[in-house]
Amino acid sequence: MADNRYQGSEPLSLSTSSSTSAQDLLNALIELRKFIERRQLNFTEVFGSSKRFSSFMSDLHPELKKEIRVISSLIDAGWIKRMQDAPAHGRAVIAGQIKVWLDEELQLKSETIQVCSSALLAFYNGETTVAEAGLSSSSPQAPAPPSPSPGPGVSSAAEDSFAKGAMLYVKGKHREAADWYRQAALQGNADAQYMLGNMYRDGDGVEKDWRQAEELYLKAAAKGHAEARQTLRQLMVADSASPSAASSQPAPLKPYNSPFRSAVPSLRDVYANKRVGEYFEFGRYPQGPNGEIKPITWRVLRRDSNGLLVIAQHGLDAKPYNEERVDITWADCTLRHWLNGEFFNKAFNEQEQSLIKTSNLSNNAGPSTDDRIFLLSIDEATSLFANGDDRITKPVAYAIKNGAGIWGKNDRWKGNAWWWLRSRDNFSFSAAFVLHDGDVGFYSYVHISYGSVRPAFLAI
């Protein structure tokens, strides 16, 4: 592996404190890029030669002598080319490795290290401010720049372990790197979880373990790690692909195919083979009398080339169609916004959300809408159930506690709920619902709060 130690002949005396912020340096780099473009010069050649970079940058910003010499040393050591060639999701890791290298090889002060690494990451990510890259230009002691940040509660020790692992990895010491990544991952560092997941997936420095890989990806994704989330989506695409489709997937997807399917069943397997009228569990939501969270049971209403149309078996909550009694359509009502906002994010994790398709819905009043979660229309409630008895449902205890209305008479419909549909009445203050006995076509004022909610969605 190439030796990345600094070989420059002129010693770097950069121990003094700098008043230059990461934003100042980023602005200067952006100005240099524009200067290069105006003169139709080759950007790669300028940033690939420490002499050319230093010459151009010194002419534009002679006050940045210290930072120019640091970046020139990074050019000589090959780090700038590595940053430039890295995919977007890999630049944060390179930036972390640069910080370790500047500390170990050049022994720079933390302020200078932070300024240079932060500005370079933002610059190569095409950002105009350091803040957009997820870094702080005002805090020289901000953590290393992996993006997104590992999240609250992650110790500096975890970040140090990740940085050591990153440095060992780039030096080719993958087994040792895995040990440091593992320490950081156990302490909650999302970047370490993602990198270690890659190593388990590929058998790189560790024994190949698909289950470990998925668990690490899920932990990182739960912390908001964009690359982990994307990897999980790719895994699910590969899982659901047919043999012919799988062969046409881009190269990065190929390792995920057969081995992962055999070792870790896809979340999609929960419902992939379900037929109309069958049930499955997917997502979680409060359902007990004290808000106990339980798996949500769904019923398959229709299966076609678009996917599976499903509806909650029970009324999961009690909500008004709209919080105010006004002239309102499905497109603007508060219930639609709640379903696609708070409910969607509360009931489904990232992996589950990626399996819920956006549906373009026609509505009998108002414009069509694009929804992930929705209510059935009158036509759907009429055609997708066998009869009234097939449409009846009961609310869960949590919905009753929140005010869901139930049939109180001591007959065969006792305890049944009435539940909202998205269709609106010709009388603009009312929306449709299904009665306790399963009849369709009744209407209630939109602000009534004791209607049960049976969410529906289209599963890919």
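Preceding this section is the structure that the text describes.
Residues numbered from 1 in each chain as written. Predicted model: local features only at pLDDT ≥ 70, side-chain atom pairs only at ≥ 80, totals over all residues. Heavy atoms only, no water.

A.B. asks: Even after reading the chapter, I still don't get the pairing of strand 8 (residues 419-424), so can you show me in this structure?
C.D. replies: Two faces, one strand: in a regular strand the side chains alternate between the faces of the sheet. With six of six residues buried, strand 8 is to be regarded as a mostly interior element. Sheet topology places strand 8 next to strand 9 (residues 430-434); three bridges connect them, and they run antiparallel. Its bridge partner lying in strand 9, Arg424 is registered against Ala431. (Buried < 20%, exposed > 50% of the residue type's maximum accessible area, 1.4 Å probe, protein only. Helix = DSSP H or I, 4+ residues; strand = E, 2+ residues; numbered from the N terminus. Pairing = 2+ DSSP bridges.)

A.B. asks: Please explain the side chain of Asn322 as it appears in this structure.
C.D. replies: By the secondary structure assignment, Asn322 is in the loop between strand 4 (317-318) and helix 15 (334-347). A residue is classified by how much of its surface remains accessible, and Asn322, at 5% relative accessible area, is buried. Apart from the residues lying within four places of it in its own chain, the contact partners of Asn322 are Ile328, Asp332, Cys333, Thr334, Val446 and His447. (Contact = heavy atoms within 4.5 Å.)

A.B. asks: Would you mind going over the environment of Asn27 with me for this structure?
C.D. replies: Within the fold, Asn27 resides in helix 1 (residues 22-38). With relative accessibility at 37%, the residue Asn27 sits in the partly exposed group. With 101 residues separating them in the primary sequence, Asn27 and Thr128 have C-alpha atoms 7.6 Å apart.

A.B. asks: Mind showing me how you'd approach the sheet that holds strand 5 (residues 356-357) here?
C.D. replies: The strands making up a sheet are joined through hydrogen bonds of the backbone, oriented either antiparallel or parallel. The strand order 1-2-3-12-5 describes an open sheet built from five strands, whose pairing is antiparallel. A strand with exactly one partner marks an edge of an open sheet, and here the two such strands are strand 1 (279-286) and strand 5. The pairing of strand 3 (residues 307-312) with strand 12 (residues 456-459) spans four bridges and is classified as antiparallel. Bridging across to strand 12, Ile311 finds its partner in Ala456. Relative to strand 1, helix 15 is tilted by about 95°, and along the sheet it contacts strand 1, strand 2 (293-304) and strand 5. (Axes fitted to C-alpha atoms, helices over the stretch in contact; angles between N-to-C directions.)

A.B. asks: Explanation requested: the pattern of salt bridges in the structure shown.
C.D. replies: Pairs can form between side chains of opposite charge once their charged atoms are near each other. Across all of its chains, the model carries nine salt bridges by this definition. Taking the shortest distance from any N to any O, the salt bridge between Glu278 and Arg275 comes out at 3.3 Å. Here Glu278 falls in the partly exposed class, since its relative accessible area comes to 25%. Assessed through its relative accessible area of 59%, Arg275 is described here as exposed. Among the salt bridges present, the one from Glu380 reaches Arg422, with a minimum N-O distance of 3.0 Å. Of this pair, Glu380 sits in helix 17 (residues 378-383) while Arg422 sits in strand 8, and the two are 42 residues apart along the sequence. (Salt bridge = Lys/Arg side-chain N within 4 Å of Asp/Glu carboxyl O.)

A.B. asks: What should I look at first to understand unusual backbone geometry in this one?
C.D. replies: Negative phi values dominate among residues other than glycine, just as trans dominates among peptide bonds. The phi dihedral of Gln40 falls on the positive side, at around 55°, and the residue is not glycine. Here Gln40 lies in the loop between helix 1 and helix 2 (43-47).

A.B. asks: Just to check I follow, could you spell out the packing of helix 10 (residues 190-202) against helix 11 (residues 210-222) for this structure?
C.D. replies: To characterise two packed helices, one gives the angle between the axes of the helices and the distance between these axes. With their axes 8 Å apart at the nearest point, helix 10 and helix 11 run at an angle of 160° to one another. Relative to helix 11, helix 10 is oriented roughly antiparallel. When the axes of helix 10 and helix 11 are compared, the crossing they make is left-handed. Facing Ala190, Gln193, Tyr194, Leu196, Gly197, Asn198, Tyr200 and Arg201 of helix 10, the residues of helix 11 in contact are Trp210, Gln212, Ala213, Leu216, Tyr217, Lys219 and Ala220. (Parallel < 35°, antiparallel > 145°, perpendicular 65-115°, else oblique. Left-handed = near helix turned anticlockwise from the far one by under 90°.)

A.B. asks: What should I look at first to understand the nonpolar core in this one?
C.D. replies: In a soluble, globular protein the nonpolar side chains are often hidden away together inside. In terms of nonpolar packing, the biggest core is built from 57 residues, with Phe282, Trp298, Leu339, Phe343, Phe348 and Phe457 touching the most fellow members. Among the elements that take part in this core, helix 15 stands out by supplying six residues, more than any other. With near-sequence residues (within four places) excluded, Phe457 lies in contact with Phe282, Trp298, Leu308, Leu309, Val310, Phe348, Ile356, Arg372, Ile373 and Phe374. Counting 45 residues, the second largest nonpolar core, distinct from the first, contains Ala22, Ile80, Ala86 and Ala163. (Core = buried A, V, L, I, M, F, W, Y, C linked by side-chain atoms within 4.5 Å.)

A.B. asks: Help me understand the packing of aromatic side chains in this model?
C.D. replies: Between two aromatic rings, the relevant description is the distance of the centres plus the angle of the planes. In this structure the tally under the stated criterion is 23 aromatic pairs. A ring pair is formed by Phe123 and Tyr124, whose centres lie 5.1 Å apart and whose planes are at 80°; its orientation type is edge-to-face. Just as Phe123 is buried, Tyr124 falls in that class too. Ring geometry for Phe282 and Phe348: centres 5.7 Å apart, planes at 45°, overall tilted. With Phe282 in strand 1 and Phe348 in the loop between helix 15 and helix 16 (350-353), this residue pair connects regions lying 66 residues apart in the sequence. What makes Phe282 buried here is its relative accessible area of 2%. (Phe/Tyr/Trp six-rings, centres within 6.5 Å; stacked < 30°, edge-to-face > 60°.)

A.B. asks: Quick question: what am I supposed to make of helix 4 (residues 65-76) here?
C.D. replies: Side chains three or four residues apart in an α-helix point the same way, a direct result of the helix having 3.6 residues per turn. Its twelve residues place the ends of helix 4 17 Å apart at the C-alpha level, agreeing with the 16 Å of an ideal helix rising 1.5 Å per residue. Within helix 4, burial applies to Lys66, Glu67, Ile68, Val70, Ile71, Ser72, Ser73, Leu74 and Ile75. Following helix 4 by one or two positions, Gly78 adopts a phi angle in the positive range, close to 90°. (Expected span 1.5 Å × (residues − 1).)

That's the geometry; what it means functionally is another story.
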